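Coordinate analysis (summary)
Residues per chain, in single letters:
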Amino acid sequence: MTLLSTVNLSKSFAALNAVSNVNFELPEGQIRAIIGPNGAGKSTFVSLLCGRIRASSGQVFFNQQDVTALPAHERIAMGMAYTFQITSVFSTLSVRENVALAARRVIGSHRQQVNERVETTLEQLNLHNKANDIAGDMSYGHQRLLEIAMGVAQQPKLFILDEPTQGLAEDEIEAFNKLIKQLAKQATILLIEHNMNVVMACADYITVLDMGLVLAEGTPAEIRNNDAVQAAYLGTQ
Amino acid sequence: MNQASKSFALHGLVAALLVLLYWVLPEYHSGNLARILVLAIYAMGYNLLFGYTGLLSLGHALFFAAGMYGLSLSLHWLDVSVVPAMLIAIAASIAISVCIGYLALRTTGVAFMIVTLMFAQAGYLTALYLGEYTRGDEGIVLKQADRVLFNIDLTQPDTRYFFALLIFTLCFFAIAYLVNSGFGRALVAIRENEERARMLGYNVQRLKLLAIITSGTLSGLSGACYALLFGYAGATFASVQYSIFPLLWVLLGGAGTTIGPLLGCAFMFYLIDLSSQFTTAYMLIAGICLVLLTLFAPHGLAGVIRKRFLPWLP
């Protein structure tokens, strides 16, 4: 079943067509990666999906509903979770409160359920030792993890990760790959990623964007052997 | 003892202390304290918006005046008793905060400050313009006979003090409950990182509007109590000075703490009271103290206490 799809989705900033006529379909349960060179429109595209920016034209469907006109918070409430490209946590609050804010929005004022959700999420992401730390005082890698934890706590249908491994060390990336596989059991994953090793290791299916257009779609093996992709993205002729 | 019960104990302790103070303090100071308690409600309302939600309004005098005039005009012109007058005052504060919130929230940051300031100035000028009813700067003096609630004469020092304390305590506990609730935590989330809060699925605009309405209503309640207990409503209370006061009280006392507004209010009140005994340039002394406090305790008095001694301070 298709969880998310777009029909002729476009966004232009003045004369620049950041995203043009993208038709995109994401089946439930998949790990989908979106790749493309710098300025290909990846971040703009996912911002259109989750409602951070409004589309110039075209439609977005989520869970069989047209969400094109809905503001971001309503789309999130329908079961999307979004992690920022540049780490964005509540840096003066504790790790526990960060995750609780995510859980509370979904669960409501039921304190015990919120606490349980927070504890299981922290365990799952191996952050339970840091629960009382102030988020902004933690290392960069842990802050990235916290950001993912805030997504996990919402138990979303769709989890959008915008460049999650940016700035992580090698061993942290390896742990991240495992985590993604684990999260995929609970949610459909949309991964915007620069790191080819991560993409090839995690993704079931890849969409390549270039100059705001869909250049190619296919399995990791197909994409690796696609000449057009190599030309545009990897720069090899 | 967990955080919630510690917080409850602290608030109970403060309330008990304030009861005791009535018998300990000389009459002059208990009179002052009644005034401080009423103004602290105003500061608490302001703190909810500024300290917890992170919205800096420069126009809260409008809400204070809405309550003050709502009560005074009803008592003076409509010949109603205190309870309906109080309800009218609260209704007026809610109505005005809904309107101002709806309009001002189209802006953010500096524009929000300017817009709220402008609306408050418009309110102040309206109070002067309608001088026939409000008596402008001269103000309305409420008759002693009008200031009676359920046969209790609120013009007496003891009834006045305990009425002020009762309303203050109710608001004090309500705020303590509120900031610890999901709603209060969400407001803090907005203050800390609005975009993140939105992308967690919080309806930021709606939460901000609710914060303005709650804040404005508390301010109006304070204005109404002030007029009721001290028998006077004048346009000065709608002026820009009364928009700046709660900001100063909250900054001094500690923004984003439940006890801060009371501390800040009391501190500033006595700062002016004591310095004016020595010199007519008392605002200069007050100003220097403010600068020093801002330099050395940027998080206010309660902020220092929270940082140094009681990290759980709500």
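Analysis parameters
- Residues numbered from 1 in each chain as written.
- Chains lettered and ligands numbered in written order.
- Predicted model: local features only at pLDDT ≥ 70, side-chain atom pairs only at ≥ 80, totals over all residues.
- Heavy atoms only, no water.
- Pairing = 2+ DSSP bridges.
- Helix = DSSP H or I, 4+ residues; strand = E, 2+ residues; numbered from the N terminus.
- Phe/Tyr/Trp six-rings, centres within 6.5 Å; stacked < 30°, edge-to-face > 60°.
- Buried < 20%, exposed > 50% of the residue type's maximum accessible area, 1.4 Å probe, protein only.
- Core = buried A, V, L, I, M, F, W, Y, C linked by side-chain atoms within 4.5 Å.
- Contact = heavy atoms within 4.5 Å.
- pLDDT = per-residue confidence, 0-100.

1. Focus: the sheet that holds strand β4 (residues 57–62) of chain A
All names here are of chain A. Read across the sheet, four strands follow the order β2-β1-β4-β5 without closing on themselves; strand pairing throughout is antiparallel. Lying at the two open borders of the sheet, with one neighbouring strand each, are β2 (16–27) and β5 (65–66). In terms of strand pairing, strand β1 (residues 2–13) meets β4 through five bridges, oriented antiparallel. Each residue of the ladder has a partner; that of S10, found in β4, is S57.

2. Observations concerning the packing of aromatic side chains
Residue and element names in this part refer to chain B. By the definition in use, this model includes 21 aromatic pairs over all chains. Considering the side-chain rings of W23 and F162, the 5.6 Å spacing of their centres and the 45° angle between planes classify their relative orientation as tilted. In this pair, W23 is assigned in helix α1 (residues 3–24) and F162 in helix α7 (residues 157–180), connecting sequence segments 139 residues apart. Overall, the relative accessible area of 62% leaves W23 in the exposed class. Ring centres 5.1 Å apart and planes at 20° place the aromatic pair F168 and F172 in the stacked group. Here the residue F168 and the residue F172 both occupy positions in helix α7, the gap between them amounting to four residues, near one helical turn. F172 shares its class with F168; the two are buried. By way of ring pairs, the aromatic residues Y42, F64, Y226, F230, Y232, F237, Y242, F245 and W249 are connected into one cluster.

3. So, the nonpolar core
The tendency in soluble globular proteins is for nonpolar side chains to be buried as a group. Counting residues in each nonpolar core, the largest one holds 141 residues, and the members touching the most others are L146, I148 and F159 of chain A together with L18, L71 and F168 of chain B. Ranked by the residues each element gives to this core, the list is headed by helix α2 (residues 27–52) of chain B, at 16 residues. Residues contacting L71 of chain B, with those up to four places away along its chain left out, are V82, A85, M86, A89, L142, A224, A227 and L228 of chain B. Ranked by size, the runner-up nonpolar core spans 29 residues in total, among them A40, L49, L190 and I192 of chain A.

4. With respect to the side chain of H73 of chain A
Residue placement: H73 of chain A occurs in helix α2 (residues 72–77). Among residues more than four places away in sequence, those in contact with H73 of chain A are R198, G201, Y202 and N203 of chain B.

5. Describing the confidence of the model for chain B
Residues and elements named next belong to chain B. When pLDDT is averaged along chain B, the result is 88, and 100% of the positions lie at 70 or above. For chain B, strand β2 (residues 148–149) is the element with the lowest average pLDDT, namely 76, and helix α10 (residues 204–230) is the one with the highest, namely 94. Scored by ipTM, the complex comes to 0.86, with pTM at 0.88.

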